[in-house]
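Coordinate inspection notes
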2 protein chains.
Amino acid sequence: MNVAGGEGGLTPAEVFGISDEAWMRHALGEAQAAFDEDEVPVGAVIVCGGRMIASAHNQRETLNDPTAHAEILAMTQAADAMQSWRLIDCTLYVTLEPCPMCAGAIVQARIPRVVYGTTDPKGGACHTLYNITNDPRLNHQAEVVGGVLQAECRDILQAFFGRQRALGKK
Amino acid sequence: MNVAGGEGGLTPAEVFGISDEAWMRHALGEAQAAFDEDEVPVGAVIVCGGRMIASAHNQRETLNDPTAHAEILAMTQAADAMQSWRLIDCTLYVTLEPCPMCAGAIVQARIPRVVYGTTDPKGGACHTLYNITNDPRLNHQAEVVGGVLQAECRDILQAFFGRQRALGKK
């Protein structure tokens, strides 16, 4: 599923010779780290100029912070690395379609390109429930591609919630 | 303007004897601190059980962090104070209608009540462009009251942007 592809030119990943799938695999590694910490397994990385400048996973429970989604932590890291709140020329890879908070943060950070793994029927805000990342009323729009390593990104979430149910936690 | 008022019972502010206006004045003090730091002047406080547990202002430029809106910083502070990401029984006071990022964070934090000062025609996500804080498809809805100390909350923003224009910054 290439929900909103490029304009026919090379993507930044193609220019730098590393595919979206390869970067998404890094994000999946972060999702696994979240799984191992008993957190909802979502991971994110941010790439700029072919270099990974941020890598994070959901840590809401660990940090006791409602804003500690993988994307928010990665954006804060990336802005620190860039010494700027404007994440121009960056691509955000995230295993799950961003929620309204994270989609809004993508707009705030002026991220030009977002690649996600699996859609979120309950909270997705790039395509599913909202199109916050592509709203002409807001002051920035991002290109958003969904469905990269979709099955793996979905399966780790399903395994997590299956385990939670088995443990009677949900 | 009481956009979405309570159900006829006492508000938490009334129970504890301190009015919404009094808490908003604290948030306005934070907005003034942002103004003095050359930041877009928005301030926020979070109140729980009649006690202010968080107080912050927009620090996007100072922290070089696209997520450093007043509300996000206040929610992280409040969660630290509560030792929980669930900000139940809290009221968030903010001088400007929350943007999609901050409205999404309010949903993530399960904040039951939000009071804001002035609407944001370009990005407001509680009433103006979106109703993220009252969307039955999401897993939490907040009561949102707008227009408390509206003129003062608007005037400090207009003064800031007027100054920016005079300095040729915007």
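Residues numbered from 1 in each chain as written. Chains lettered and ligands numbered in written order. Predicted model: local features only at pLDDT ≥ 70, side-chain atom pairs only at ≥ 80, totals over all residues. Heavy atoms only, no water.

**Looking at the pairing of strand 1 (residues 43-48) of chain A**
Residues and elements named next belong to chain A. Filter applied, for reference: Buried residues are those whose accessible area, probed at 1.4 Å on protein chains only, stays under 20% of the maximum for their type, while exposed residues exceed 50% and partly exposed ones sit between those limits. Helix and strand assignments come from DSSP, with helices taken as H or I runs of at least 4 residues and strands as E runs of at least 2, each series counted from the N terminus. Paired strands, as defined in this entry, are two strands with at least two bridges between them according to DSSP.
Of all six residues in strand 1, six are buried, a share of seventy percent or more. Alternating positions in strand 1 separate into two faces, Gly43, Val45 and Val47 on one and Ala44, Ile46 and Cys48 on the other, with burial throughout. Here six bridges tie strand 1 to strand 2 (residues 51-57), and the two strands are oriented antiparallel to one another. Residue cysteine 48 lies in a different strand from strand 2, and its bridge partner there is arginine 51. As consecutive antiparallel partners, strand 1 and strand 2 are separated by two residues, and within that stretch glycine 49 has a phi angle of approximately 60 degrees, a positive value. Where strand 1 meets strand 3 (residues 90-96), five bridges bridge the pair, whose relative direction is antiparallel. Across the sheet, the residue bridging to alanine 44 is valine 94, located in strand 3.

**Here's the deal with helix 6 (residues 150-166) of chain A**
Residues and elements named next belong to chain A. As a reminder, the rule being used: Given a helix with a known number of residues, its expected span is that number minus one, times 1.5 Å. Directions drawn from the helix axis to the C-beta atoms are what define this arc.
Under the 1.5 Å per step criterion, the end-to-end length of helix 6 is 24 Å for 17 residues, consistent within 8% with the ideal 24 Å. Among the residues of helix 6, Cys153, Ile156, Leu157, Phe160 and Gln164 are the ones counted as buried. With its buried residues spanning 95 degrees around the axis, helix 6 presents them on a single face. The exposed set on the far side of helix 6, more than 90 degrees from its buried face, consists of Arg165 and Ala166. Positive backbone phi, approximately 75 degrees, marks glycine 168, located one or two places after helix 6.

By themselves, these observations are geometric and do not establish any function.
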